[in-house]
2 protein chains.
Amino acid sequence: MQKLGLFETERFFCDVYCLLPQQSQKPHAHAGADKIYVVLEGTVDATIGDDQVALGAGDCVLAPAGRAHGVANNGSTPAALLVFMAPRP
Amino acid sequence: MQKLGLFETERFFCDVYCLLPQQSQKPHAHAGADKIYVVLEGTVDATIGDDQVALGAGDCVLAPAGRAHGVANNGSTPAALLVFMAPRP
């Protein structure tokens, strides 16, 4: 998985994550920081706590602070996500 | 202009702004809060400080804390923006 930094301030970062088919970001949690995934292209399966949701272009999901979250590209085409997180780690 | 709240946490909000042709958000500034505009559809002209930039679908721009920013739909079709701001006002 590739992470490309778009913006970073004292308060947040905004990255693009690129996942080839079968690539994933393993579920993990951040205490005190919230994250949003926005799908730009392709499809991903997002895990947010005990929930799993399939996301396509234009879909977005919130991973609240402290809740485990991750994304997996189980499709056959590359996927790109816009990722916001505040505060930045 | 319509604002639709998507997510709000202690640390940020994420809204969708919908601007019909000729609608705009007048330039304004927030001390201590950064904002990102992401164009979902249509086109807008964004003002960030003294800079003006034309944005289309998939484009995004950062308005750092304290810098005046606004968006105007000068096109002929509706525009939709994803707007992320931290911390929330």
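Structural data are supplied above this passage.
Definitions and limits used
Residues numbered from 1 in each chain as written. Chains lettered and ligands numbered in written order. Predicted model: local features only at pLDDT ≥ 70, side-chain atom pairs only at ≥ 80, totals over all residues. Heavy atoms only, no water. Salt bridge = Lys/Arg side-chain N within 4 Å of Asp/Glu carboxyl O. Helix = DSSP H or I, 4+ residues; strand = E, 2+ residues; numbered from the N terminus. Buried < 20%, exposed > 50% of the residue type's maximum accessible area, 1.4 Å probe, protein only. Least-squares fit on C-alpha atoms with pLDDT ≥ 70 in both. Contact = heavy atoms within 4.5 Å. Buried area = accessible area lost by both parts, 1.4 Å probe. Polar contact = N/O pair within 3.5 Å; in protein donor to acceptor, adjacent residues only side chain to side chain. Nonpolar A, V, L, I, M, F, W, Y, C, P; charged D, E, K, R; others polar. Pairing = 2+ DSSP bridges. Axes fitted to C-alpha atoms, helices over the stretch in contact; angles between N-to-C directions.

*Asks:* Any chance you could explain the pattern of salt bridges here in plain terms?
*Replies:* A side chain of one charge can pair with a side chain of the opposite charge when the charged atoms of the two come close. For the coordinates displayed, the defined rule picks out four salt bridges over all chains. Between A:Arg88 and A:Glu8 there is a salt bridge; the shortest N-O distance is 3.4 Å. Here the residue A:Arg88 occupies a position in the segment after β9 (79-86), and A:Glu8 occupies one in strand β1 (residues 2-8), the gap between them amounting to 80 residues. For A:Arg88, a relative accessible area of 33% gives the class partly exposed. One salt bridge in this structure joins B:Arg11 and A:Asp34, with 2.7 Å as the shortest N-O distance. Placement of the pair is B:Arg11 in the loop between β1 (2-8) and β2 (13-19) and A:Asp34 in strand β4 (residues 34-41), with the two residues belonging to separate chains.

*Asks:* Got a minute to help me understand the relation of the copies chain B and chain A in this structure?
*Replies:* Related by rotation about an axis and a shift along that axis, the two copies of the chain form a pair. By a simple turn and slide, chain B fits onto chain A: the slide is 0.0 Å along the axis, the RMSD is 0.0 Å, and the turn is 180°. What the rotation and shift describe, once combined, is the action of a two-fold rotation axis. The rotation axis passes nearest to the C-alpha of B:Ala86 in chain B, at a distance of 3.5 Å. By residue overlap, the copies meet face to face through one surface: 100% of the interface positions of chain B are interface positions in chain A.

*Asks:* Quick question: what am I supposed to make of the interface of chain B and chain A here?
*Replies:* A common way to state how big an interface is: give the accessible area lost once the parts meet. Listed per partner, the contact involves 20 residues of chain B and 20 residues of chain A. In total, chain B and chain A occlude about 1600 Å² of area from one another, counting both sides; carbon and sulfur atoms represent 83% of this. If you sort the residues of chain B by the area they bury against chain A, B:Phe7, B:Arg11 and B:Phe84 come out on top, with a joint share of 33%. On inspection of chain B and its partner chain A, the count reaches two salt bridges. The interface formed by chain B and chain A contains six residue pairs in polar contact (both at pLDDT 80 or more). For the side of chain B that touches chain A, the secondary-structure elements that each account for two or more residues are β1, β4 (34-41), β7 (60-63) and β9 (79-86) of chain B. Each residue belonging to the side of chain B that touches chain A can be placed in one class, and the counts come to 15 nonpolar, two polar and three charged.

*Asks:* So what exactly am I meant to see when it comes to the sheet that holds strand β7 (residues 60-63) of chain A here?
*Replies:* Strand pairing in a sheet relies on backbone hydrogen bonds. The paired strands run either parallel or antiparallel. Residue and element names in this part refer to chain A. The antiparallel open sheet is built from five strands, whose spatial order is β1-β2-β9-β4-β7. Whereas interior strands pair on both sides, the edge strands pair on one side only; in this sheet they are β1 and β7. Ignoring strand direction, the axes of neighbouring strands in this sheet form an average angle of 20°. In the sheet, β4 pairs with β7 via four bridges, with the strands oriented antiparallel. Bridged to Ile36 within β7 is Leu62.

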